[in-house]
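Analysis of the macromolecular model
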Amino acid sequence: MAAAESLMHFEDSCACGALWQVVSDPTEDDELRGEAAGSLGTLWLELGIDYKRLSLLPDRFLPEALHDILMRPDSIDWKQLDSRTASFIREKQA
């Protein structure tokens, strides 16, 4: 878990790629995947949201990945969101 959190401090695409590998690997522990999703969301807020990967994120990790992003809704390009993620965000903003 510490490794996932420490990757958050490396603001580059390599860190995003490494975190994505953890989040998208169903053999990894779910707690670790959730932590990685949260770190990934934080990086996306700083580097730009990867809408394609966001759309592929398992539902159960959306809250972690979007936590920081939801605090800055102006960072979201609504045109690039898939319908599932847009619905999730609208529900959280209500």
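Structure report, in brief. (Residues numbered from 1 in each chain as written. Predicted model: local features only at pLDDT ≥ 70, side-chain atom pairs only at ≥ 80, totals over all residues. Heavy atoms only, no water.)

Let us now look at the state of the cysteines. Throughout the structure, instances matching the rule amount to zero disulfides. The cysteine Cys14 is free of any disulfide, with Cys16 supplying the nearest cysteine sulfur at 9.3 Å. For Cys14, a relative accessible area of 61% corresponds to the exposed category. (Disulfide = S-S within 2.5 Å. Buried < 20%, exposed > 50% of the residue type's maximum accessible area, 1.4 Å probe, protein only.)

A few words on the pattern of salt bridges. This structure, assessed with the given rule, holds five salt bridges. Between Arg60 and Asp30 there is a salt bridge; the shortest N-O distance is 3.5 Å. Pair noted here: Arg60 is in the loop between α4 (51-56) and α5 (62-71) and Asp30 is in helix α3 (residues 30-47), with a separation of 30 residues, a long-range link. With a relative accessible area of 39%, Asp30 lands in the partly exposed category. The partner of Asp59 in a salt bridge is Arg84, and the shortest N-O contact between them spans 2.3 Å. Of the two residues, Asp59 sits in the loop between α4 and α5 while Arg84 sits in helix α6 (residues 83-93), which places them 25 residues apart along the sequence. The class of Arg84 is partly exposed, set by a relative accessible area of 24%. Residues joined by salt bridges that share partners form a network here, namely Asp30, Arg33 and Arg60. (Salt bridge = Lys/Arg side-chain N within 4 Å of Asp/Glu carboxyl O. Helix = DSSP H or I, 4+ residues; strand = E, 2+ residues; numbered from the N terminus.)

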